[in-house]
Amino acid sequence: MTEHSVVIVGAGPTGLVLAGELALAGVHVVVVERRASQQVDGTRAGGLHARTLEMLDQRGIVDRFLAAGRTMQITGFVGIPMDVGDFPTRHNYGLALGQGEIERLLAEWVDELSMPILREREVTRIAQDDSGVDVALSDGHALRAAYLVGCDGGRSIVRKLAGIDFVGSDATVGWIIGEVAMESAPQIGMRPEGGGVGPIGHGGAAGPYRVVLQEPLVDDPGEPTLQDLRDALVAAYGTDYGVHSPTWISRFTDATRQASSYRAGRVLLAGDAAHVHPPQGGQGLNIGVQDAMNLGWKLARVVDGASPDSLLDTYHRERHRVGAQVLHTIMAQVALSTPDDSHAALRSVVGELLRMDEPRRRIAGMLSGLDVHYDLGDGHPLIGRRMPDLDLQTADGPTRVYALLHDARPVLLNLVEAVMPAGPVRVVDAQHDGVWELPVLGEVAAPSAVLVRPDGYVAWAGDHTDARLAEALAAWFGGP
Ligand SMILES: Cc1cc2nc3c(=O)[nH]c(=O)nc-3n(C[C@H](O)[C@H](O)[C@H](O)COP(=O)(O)OP(=O)(O)OC[C@H]3O[C@@H](n4cnc5c(N)ncnc54)[C@H](O)[C@@H]3O)c2cc1C
């Protein structure tokens with residue numbers, strides 16, 4: 001039996017980011033993946049939101065993604081554009097980039113960090129005891145790990161074997177999705193009830209096209225066919241546009257579920273394994289990546305013995321709330337998509353409201369992930385929020401905050417002359433001359449110092465007399 005500090009089940013976007021985070025912290029990890037290669041069926045996720053781009057920037061790899069995709073305003077609420085162009089971030093846009101490309105670039109990063117992925121193997125059984133988790137693989141081999149993380153998608157076997165409830169609602173609406181060619185130019189654009197037809201990638205009006213349309217929900221629909229897609233096109237547009245040559249046809253529903261706990265002892269869940277929902281708003285991959293960024297540094301500290309095991313409880317506390325909020329917003333979008341006259345009227349009223357500045361900023365902040373606020377106690381408004389990527393002057397020259405986070409270590413930014421005593425974190429003396437502005441909240445008072453966690457969230461901010469700095473240092477970065 002091979003022993004590891006952490007076994008990650010699943011090399012989808014969530015598992016890959018978690019693997020990268022643990023590799024940066026020098027943790028001994030193995031990833032087990034059923035797929036033979038990183039190839040993804042269909043495009044699935046079509047892009048990255050602003051906060052995910054910021055997080056990739058925090059690790060110094062965002063340029064690879066920006067070079068592969070197209071920056072644009074991708075955030076929307078039931079087809080109403082939610083522009084983040086005026087938000088105070090270097091990435092005040094989304095990135096149109098298919099999931100296949102996103103996974104390819106993440107896998108490349110993980111490979112550079114020399115993280116092994118055991119491919120063409122499935123985890124079939126797990127059993128945990130006080131000191132670790134036994135893992136059985138489909139090829140007959142066994143692994144043992146101090147902790148195991150299920151990043152194994154919506155049908156997660158890890159979640160089932162760990163006995164974690166998946167709480168939520170069953171499907172009430174179904175959609176068929178296909179990637180196809182068409183003989184005649186289709187009507188491109190969102191339908192009022194959500195879905196529609198759009199060109200894939202840089203293909204433009206010449207296609208290929210992605211079709212997403214509602215269809216009647218039946219108990220056991222079986223594998224979707226080209227004829228099913230034709231029927232849905234005819235029902236929506238009165239023509240099937242001569243649809244042909246599908247490269248991918250699939251179905252999804254509005255079933256919305258969340259793991260009751262993201263942790264059961266030494267087993268943790270992240271990404272779709274912890275939450276499933278329909279793709280309205282393009283959130284799934286993004287919140288999976290953000291789960292992984294939240295968990296990675298905490299798990300690394302716990303397996304290294306640098307922090308107590310209870311640090312992992314903050315992962316559930318912080319991310320379960322964010323997941324619940326995302327599910328809530330998606331359920332509202334699905335309800336608003338109901339194709340009848342009264343919902344059309346409701347959509348139009350909500351649309352009018354969301355075109356106003358304040359409501360738009362609020363919902364756009366949520367959908368882009370920029371307004372995440374973990375409840376880390378009272379004090380300066382920065383506490384629990386993402387650290388802005390400020391330009392800094394240091395004794396070594398100019399830099400910016402996210403550059404200080406590339407190695408996924410915590411940083412205490414000392415912004416006034418009085419030097420903080422060195423503690424368990426790196427202290428950087430720096431100056432920032434500009435304003436401090438947060439998305440949605442607006443301008444905030446400049447703090448004298450800020451304690452930034454490796455995931456880019458502020459553990460503490462204030463002045464040097466604030467006794468809560470010592471508490472925050474002990475709580476987040478103190479010993480076991
Ligand atoms: C049609 C569609 C459109 C979408 N659009 C968007 C969008 O625009 N934006 C967005 O953010 N999200 C979108 N999503 C959601 C996004 O695809 C998922 O949220 C994302 O893939 C979740 O990543 P994950 O790594 O958590 O899980 P997955 O991508 O499901 O990865 C899980 C991995 O685990 C492996 N695995 C499973 N079981 C085992 C096992 N027992 N042993 C070993 N390996 C195992 C699987 O092979 C897989 O590689 C969309 C999804 C769909 C279906």
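Quick caveat, the model's predicted, so the values are computed rather than measured.

As for the pairing of strand E22 (residues 391-394)
- Along E22, the buried face is formed by Leu 392 and Thr 394; none of Asp 391 and Gln 393, which line the opposite face, is buried.
- Of the strand pairs in this sheet, E22 and strand E23 (residues 397-400) are connected by four bridges, and their pairing is antiparallel. Pairing of Gln 393 across the sheet is with Pro 398, part of E23.
- Joining the antiparallel neighbours E22 and E23 is a turn of two residues.
- Two elements, E22 and strand E25 (residues 426-431), share two bridges in a ladder whose sense is antiparallel.

Comments concerning helix H7 (residues 284-304)
- With 21 residues, H7 should cover 30 Å at 1.5 Å per step; its first-to-last C-alpha distance of 30 Å lies within 8% of that length.
- The largest bend in H7 amounts to roughly 25° and is located at Leu 295.
- Counting buried positions along H7 yields 19 of 21 residues, so the element is predominantly enclosed.
- Among the residues trailing H7, Gly 305 stands out with phi positive, at a value near 80°.

A word on the side chain of Gln 283
- Of note, Gln 283 is situated in the loop between strand E21 (275-276) and H7.
- Relative accessible area serves as the criterion here: at 4%, Gln 283 is assigned to the buried category.

Considerations on the packing of helix H2 (residues 50-58) against H7
- Relative orientation of the contacting elements H2 and H7 amounts to 40°, with a least axis distance of 9 Å. With respect to H7, the element H2 is oriented oblique. Crossing hand, H2 versus H7: left-handed. The residues of H7 that touch H2, namely those facing Arg 51, Thr 52 and Met 55, are Asn 286, Val 289, Gln 290 and Met 293.

Remarks on the packing of aromatic side chains
- Per the stated rule, a full pass over the model turns up six aromatic pairs.
- For the ring pair Trp 297 and Trp 476, a centre distance of 6.1 Å and an interplane angle of 50° mean the geometry is tilted. Pair noted here: Trp 297 is in helix H7 and Trp 476 is in helix H11 (residues 468-477), with a separation of 179 residues, a long-range link.
- Residue classification places Trp 476 among the buried positions, given a relative accessible area of 9%.
- Three or more aromatic residues joined by ring pairs form one cluster here, namely Trp 297, Trp 476 and Phe 477.
- Here the guanidinium or amino end of Arg 159 rests over the ring plane of Phe 166, the centre of that ring lying 3.4 Å away.

Quick look at a nonpolar patch on the surface
- Residues Val 349, Leu 353 and Met 356 make up a contiguous nonpolar surface patch of about 270 Å² in total accessible area.
- Assignment of secondary structure puts Val 349 in helix H9 (residues 341-354).
- Residue classification places Val 349 among the partly exposed residues on the basis of a relative accessible area of 46%.

Some words on the site of the ligand
- In the region of the ligand, 30 residues are neighbours, and Thr 14, Glu 33, Gln 99, Asp 272 and Leu 285 sit closest.
- Glu 33 places a side-chain nitrogen or oxygen 2.6 Å from an oxygen atom of the ligand.
- Within the contact set of the ligand, an oxygen atom lies 2.8 Å away from a side-chain nitrogen or oxygen of Asp 272.
- Starting from 990 Å² of accessible surface for the ligand in isolation, the protein chains cover 89%.
- The leading source of residues in the shell around the ligand is H7, at three residues.
- Classifying every residue of the shell around the ligand gives 11 nonpolar, 11 polar and eight charged.

What about the sheet that holds strand E3 (residues 47-48)?
- Taken together, the three strands give an open sheet; going across it, the order is E3-E7-E4, and neighbouring strands pair in antiparallel fashion. Both edges of this open sheet fall to E3 and strand E4 (70-72), since each of them pairs with a single strand only.
- The sheet contact formed by E3 and strand E7 (residues 94-96) spans two bridges and is antiparallel. When the bridges of E7 are listed, Leu 48 appears paired with Leu 95.

Here we look at the pairing of strand E24 (residues 411-414)
- Burial along E24 is two-sided: the residues Val 411 and Leu 413 and Leu 412 and Asn 414 are all buried.
- In this sheet, E25 lies alongside E24 in parallel orientation, the contact comprising four bridges. Bridging from a neighbouring strand, Leu 413 pairs with Val 428 of E25.
- By the bridge criterion, four bridges tie E24 to strand E28 (residues 449-452) in an arrangement that is antiparallel. The residue of E28 that forms the bridge with Asn 414 is Ala 449.

A look at the nonpolar core
- Formed by 94 residues in total, the largest nonpolar core has its most connected members in Ile 8, Leu 22, Phe 65, Leu 148, Val 149, Leu 299 and Leu 451.
- Broken down by element, the residue count for this core peaks at 10 residues, all from H7.
- Ignoring any residue separated from it by four or fewer positions in sequence, one finds Leu 299 in contact with Val 6, Leu 22, Tyr 147, Val 149, Leu 268 and Leu 312.
- Counting 21 residues, the second largest nonpolar core, distinct from the first, contains Val 401, Leu 413, Trp 436 and Val 458.

Side note on the pattern of salt bridges
- Counted according to the given criterion, the structure contains 30 salt bridges.
- Between Arg 104 and Glu 108 there is a salt bridge whose closest N-O contact spans 3.1 Å. With Arg 104 and Glu 108 both in helix H4 (residues 99-112) and four residues apart, this pair spans about one turn of that helix.
- Among the salt bridges present, the one from Arg 251 reaches Asp 228, with a minimum N-O distance of 3.1 Å. Of the two residues, Arg 251 sits in strand E17 (residues 243-253) while Asp 228 sits in helix H6 (residues 226-237), which places them 23 residues apart along the sequence.

Some words on the domain arrangement of the chain
- On domain assignment, one finds that the chain holds domain 1 (2-169 + 257-368), domain 2 (174-253) and domain 3 (391-477).
- Spacing between the C-alpha centres of domain 1 and domain 3 amounts to 26 Å.
- Between domain 1 and domain 3, the residue contacts involve 25 residues of the former and 20 residues of the latter.
- Regarding the contact of domain 1 and domain 3, the summed buried area is about 2,000 Å², with carbon and sulfur atoms giving 50% of it.
- Of all residues in domain 1, the largest losses of buried area upon contact with domain 3 belong to Gln 58, Pro 88 and Trp 297, amounting jointly to 29% of the total for that side.
- Inspection of the domain 1/domain 3 interface yields three salt bridges.
- We note a salt bridge from Arg 400 to Asp 57, for which the minimum N-O separation is 3.0 Å.

About the thresholds
Residues numbered from 1 in each chain as written. Predicted model: local features only at pLDDT ≥ 70, side-chain atom pairs only at ≥ 80, totals over all residues. Heavy atoms only, no water. Buried < 20%, exposed > 50% of the residue type's maximum accessible area, 1.4 Å probe, protein only. Helix = DSSP H or I, 4+ residues; strand = E, 2+ residues; numbered from the N terminus. Pairing = 2+ DSSP bridges. Expected span 1.5 Å × (residues − 1). Bend = angle between axes of the 7 residues up to and from the residue. Axes fitted to C-alpha atoms, helices over the stretch in contact; angles between N-to-C directions. Parallel < 35°, antiparallel > 145°, perpendicular 65-115°, else oblique. Left-handed = near helix turned anticlockwise from the far one by under 90°. Contact = heavy atoms within 4.5 Å. Phe/Tyr/Trp six-rings, centres within 6.5 Å; stacked < 30°, edge-to-face > 60°. Lys NZ or Arg CZ within 6 Å of the ring centre and 35° of its normal. Patch = residues over 30% accessible without salt bridge, like charges linked within 9 Å, V, L, I, M, F, W, Y side chains within 5 Å. Areas by Shrake-Rupley, 256 points an atom, 1.4 Å probe, with all protein chains shown as cover. Salt bridge = Lys/Arg side-chain N within 4 Å of Asp/Glu carboxyl O. Near = heavy atom within 4 Å. Polar contact = N/O pair within 3.5 Å; in protein donor to acceptor, adjacent residues only side chain to side chain. Nonpolar A, V, L, I, M, F, W, Y, C, P; charged D, E, K, R; others polar. Core = buried A, V, L, I, M, F, W, Y, C linked by side-chain atoms within 4.5 Å. Domains from an automatic or database assignment. Buried area = accessible area lost by both parts, 1.4 Å probe.

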